[in-house]
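# Inside the fold
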Amino acid sequence: MPKIKRENMKTTVIALLLSFCAAFTLYAEKVEIPRTILVLINSSNDPFITEDYNVVHFSAESVLNHLGMNVRYHDVSKGLPSDDSLDEIYGILSYFTDATMPRAKEYCLWATEQIDNGKKFVVWRNFGAFRDADSDEETSKDLVALFFRKLGLEYLENWSDSPFLIDIVEKDDTMMDFENSIEGTVELYEQFLSADAENKVYLRLNRSDLDFGDSDAIVTTPSGGFIMDGCGLFINYIDKRMRWYIDPFKFFSEAFVIEEIPSYDTTTLFGKRILYSHIDGDGMRNISLEDKKTPSGNIIFEEILKKYSLPISVSFITAETNARYLGSAKTESLAREILKFDNIEGGIHGFAHPLDWYKKIVYFPINNYSKKIYNIQELELENSESSYLSGARATVGWKEYLEAETLEAAEYVNENLMPPGKRVAINMWTGNCRAPADAIAIVDSMGIANINGGDTRFDRANPSYTGVAALTRQDKGMVQFQTSNSNENIYTNDWTGPFDGFSYVIESFIQSEYPTLVASKPRRVLPMNIYYHFYSGEREDSVRATKEAYDYALSQDVIPIFASEYVKAARGFVEGKTFIRDDDSWEFRDYGHCRTIRLNSNTIFPDMARSENVLGFVVWESYCYIHLSEGDSAVLYLSNSAPKVPLLESSSAIVYNCKISKGDISFESRTFREEEYTFVNMGRYSKYDVTMKLLGSDDIFYSKKIKSDKKGKLIVRAPKSEAFSIKVLLK
């Protein structure tokens with residue numbers, strides 16, 4: 001047998017496109033590269049498996065997001081994907097836990113056809129189509145063998161579940177033992193042999209009772225890849241925690257050949273790590289356990305919202321705020337005071353706070369809307385994912401219920417709490433945060449953002465990238481955007497203590513950029529998200545922990561934005577399109593507010609002279625982050641040499657309408673504190689005049705003289721201001 005190959009597979013993007021051309025959409029002078037991985041699941045073997053409740057969603061989807069890919073799920077128990085639905089699919093990942101499925105032969109033929117059509121195909125765990133679930137007929141061995149030959153493997157069967165017969169004989173440390181050692185853990189065996197000289201084998205097993213018992217268990221091939229059952233991911237079925245045996249970034253990047261494709265990125269904006277903060281409305285009326293008299297909402301207002309001058313998105317449970325229901329004139333007055341602040345964005349957190357959206361279980365009993373559940377066992381049965389000990393059931397119809405929790409909640413806030421000129425900008429999902437497609441559709445029709453769910457935690461309690469939530473959750477084609485970090489309820493064990501536990505979010509901030517708990521290089525996989533509830537105002541410890549999170553985040557190189565602005569960037573990630581043009585340049589379209597493109601190299605740069613709607617770039621660790629102008633499209637040419645022309649290196653606030661030359665810079669922005677805009681390749685030791693005007697005004701309200709340094713770096717500082725235009729002119 002050949003030794004495991006260590007050298008890199010030399011597959012360029014151009015070669016990829018040539019081999020894939022039948023699978024891509026062709027346009028004159030350019031080719032669109034699909035950005036979606038189709039994940040195949042099978043609920044016929046496990047009724048709990050859904051598109052938002054499966055191992056791939058909880059482990060690999062965030063990895064694929066980082067690699068620039070969206071993920072779509074298809075349940076093969078409901079039939080095969082239609083031909084039309086495959087047009088925007090880049091590659092296919094199957095994850096089956098059993099050897100049977102309905103119409104197994106049909107699936108086997110279809111899967112083989114997809115490889116023939118140029119789709120990369122990754123088999124993870126069980127092939128899934130060895131036997132037909134309806135007829136109980138075994139699938140032809142020749143058909144199964146043909147699929148694996150197309151994948152680049154020879155399948156010899158010889159299944160065993162005796163761990164005493166299985167040994168690891170070769171292991172490549174560049175792929176294996178990423179978060180958890182695989183030594184002594186392999187309990188299943190099937191015999192697969194690498195059958196293509198271009199394959200890369202990372203794990204080889206041996207079954208000792210066979211004359212020739214070698215089996216290649218982790219393989220990337222020119223057609224995709226293979227992860228043998230039990231060799232990719234450790235799953236603790238008691239606490240549901242997972243750890244990677246393989247390096248999933250390396251494996252999926254190689255198997256799907258996406259390392260060289262520029263990625264849309266939602267962690268970084270204008271060269272700085274995104275920071276956003278949002279507050280769920282729970283506990284606004286809760287009384288402080290310190291002074292026994294002050295409502296928690298007032299404490300958060302005084303101790304956090306008034307003291308931290310940065311964008312914060314604040315939501316309200318409208319039944320708890322509205323004086324017609326459970327609120328009072330005081331709660332409404334407090335909400336109005338909060339929403340007056342320019343750095344506060346208004347949001348909604350339900351009317352009666354659904355705990356289980358599908359089953360219409362809400363937290364608050366409301367006359368003529370919901371009835372209290374007195375049987376705790378019934379509540380636990382209906383809402384088993386929640387630790388709530390009380391609740392109610394909405395008695396109104398489905399449409400009326402969803403509209404009350406979304407549309408009507410927003411109308412109340414807009415009409416009764418918002419100052420002139422402000423509107424609700426975001427909906428923050430409640431309870432188990434599994435929003436039905438109908439509810440997401442209502443929120444989308446309102447033109448506001450939606451967020452919550454995910455519960456990312458990457459720290460000593462969960463030292464794994466599997467703790468990083470996917471960017472989105474999907475339901476019947478509708479998209480829910482998930483948070484980037486857990487809230488204090490998670491860190492305080494369902495608000496039972498320790499009540500300063502939220503300070504541990506800082507560890508997730510660190511590990512999701514500079515990991516030390518796993519064998520990973522620096523890799524920014526998340527923005528910073530400070531996410532908590534009004535009830536944190538109950539206790540001095542929780543207020544202090546919240547301040548620690550803010551203080552740490554603001555000590556870093558960040559760009560603070562509203563939660564709705566983050567969601568808009570995430571939607572741009574989902575909807576953005578990527579093309580490669582016949583002159584080897586890249587074109588990006590429909591990216592909306594996702595204005596960052598990441599290159600997986602720090603030695604390739606944008607060719608600023610040839611690129612269009614590209615403002616600049618910054619190198620961070622082994623990556624290059626490229627800043628796009630707002631608009632519908634951008635064109636990126638690449639170069640091995642760093643550009644010498646003036647460009648935007650970084651900005652700590654969002655910029656619009658930015659024009660840059662050595663003698664003249666102009667742009668628009670908005671600030672909630674003093675912010676910095678850094679330009680490079682300007683004149684050395686050059687003097688510039690800075691003037692600022694409010695948008696729509698001809699009057700200069702701020703001016704300053706500044707000077708570039710010896711390398712031509714020019715830092716423009718703007719004071720706190722509502723939306724403004726700025727001019728920087730060479731003297």
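Located above this text is the structure these notes cover.
Counting restarts for each chain: residues are numbered from 1 in the order of the written sequence. Given that the model is predicted, a residue must reach a pLDDT of at least 70 before its local features are reported, and side-chain atom pairs must reach 80 or more before they are shown or counted; all residues, however, enter totals for whole chains, interfaces and linings. Only heavy atoms go into the side-chain values, all of them from the structure, while hydrogens and water stay out.

## Considerations on the sheet that holds strand S45 (residues 700-707)
Quick note on the threshold: By the convention used here, strands pair only if DSSP detects at least 2 bridges between them. Secondary structure elements follow DSSP: runs of H or I no shorter than four residues count as helices, runs of E no shorter than two count as strands, and numbering proceeds from the N terminus. The convention used is that axes are lines fitted to C-alpha atoms, helices contributing only their stretch in contact, and that angles between N-to-C directions extend from 0 to 180 degrees.
Here five strands make up an open sheet; going across it, the order is S41-S42-S47-S44-S45 and the pairing antiparallel. Of all the strands in the sheet, the pair left with one neighbour each is strand S41 (656-660) and S45. Taking the axes of each pair of neighbouring strands and ignoring which way they run, one obtains an average angle of 20° across the sheet. Relative to strand S47 (residues 721-730), strand S44 (residues 687-694) is paired through seven bridges, and the arrangement is antiparallel. Bridging from a neighbouring strand, Leu694 pairs with Phe724 of S47.

## With respect to empty space enclosed by the protein
As a reminder, the rule being used: Cavity means a closed set of points on a 1 Å grid over the protein atoms alone, one where a 1.4 Å probe fits but cannot get out, pocket means an open set with protein on both sides within 12 Å along at least 5 of 7 lines, and lining means a residue has an atom within 4 Å of a point. Grid points are joined across faces, edges and corners, and a volume is the space filled by probe spheres set on the points. Here the term charged refers only to Asp, Glu, Lys and Arg, the term nonpolar to Ala, Val, Leu, Ile, Met, Phe, Trp, Tyr, Cys and Pro, and the term polar to all other amino acids, Gly among them.
For the coordinates displayed, the defined rule picks out three cavities of 30 Å³ or more. As a volume, the largest cavity reaches approximately 200 Å³. The wall of the largest cavity is formed by 21 residues, among which Asn65, Thr266, Thr267, Leu471 and Val525 lie closest to the centre. Of all the elements in the fold, those that place two or more residues in the lining of the largest cavity are helix H3 (61-66) and helix H17 (563-575). Tallying contributions element by element places H3 first for the lining of the largest cavity, with three residues. Across the lining of the largest cavity, the residue classes tally to 10 nonpolar, eight polar and three charged. By volume, the second largest cavity amounts to about 70 Å³. Taken together, Ile33, Pro34, Arg35, Leu67, Gly68, Met69, Ile258, Ile261, Pro262, Ser263, Tyr264 and Thr578 make up the lining of the second largest cavity. A class-by-class count of the residues in the lining of the second largest cavity yields eight nonpolar, three polar and one charged.

## Brief notes about the nonpolar core
Convention followed: Within this scheme, the nonpolar core is defined by two criteria: the residues are buried Ala, Val, Leu, Ile, Met, Phe, Trp, Tyr or Cys, and they are joined through side-chain atoms within 4.5 Å. Only protein chains enter the accessibility calculation, which uses a 1.4 Å probe; a residue whose area is less than 20% of its type maximum is buried, one above 50% is exposed, and one in between is partly exposed.
Core analysis: the biggest nonpolar cluster contains 143 residues, and Tyr107, Phe121, Trp124, Phe148, Ile218 and Phe252 have the highest contact counts within it. Of all hydrophobic cores here, the second largest spans 62 residues; its members include Leu334, Ile348, Phe502 and Ile506.

## Quick notes on the packing of helix H7 (residues 296-305) against helix H16 (residues 540-554)
For clarity, the cut-off: In this scheme, a crossing is called left-handed if the near helix is turned counterclockwise away from the far one by less than a right angle; it is called right-handed if the turn is clockwise. Here, two residues are considered to be in contact whenever any of their heavy atoms come within 4.5 Å of each other.
Between H7 and H16, the shortest axis-to-axis distance is 11 Å and the interhelical angle comes to 35°. H7 and H16 meet at a crossing whose hand is right-handed. From H7, Ile299, Glu303 and Ile304 reach across to H16, where they touch Val543, Thr546, Lys547 and Tyr550. Residue composition of the contact of H7 with H16, by class: four nonpolar, one polar and two charged.

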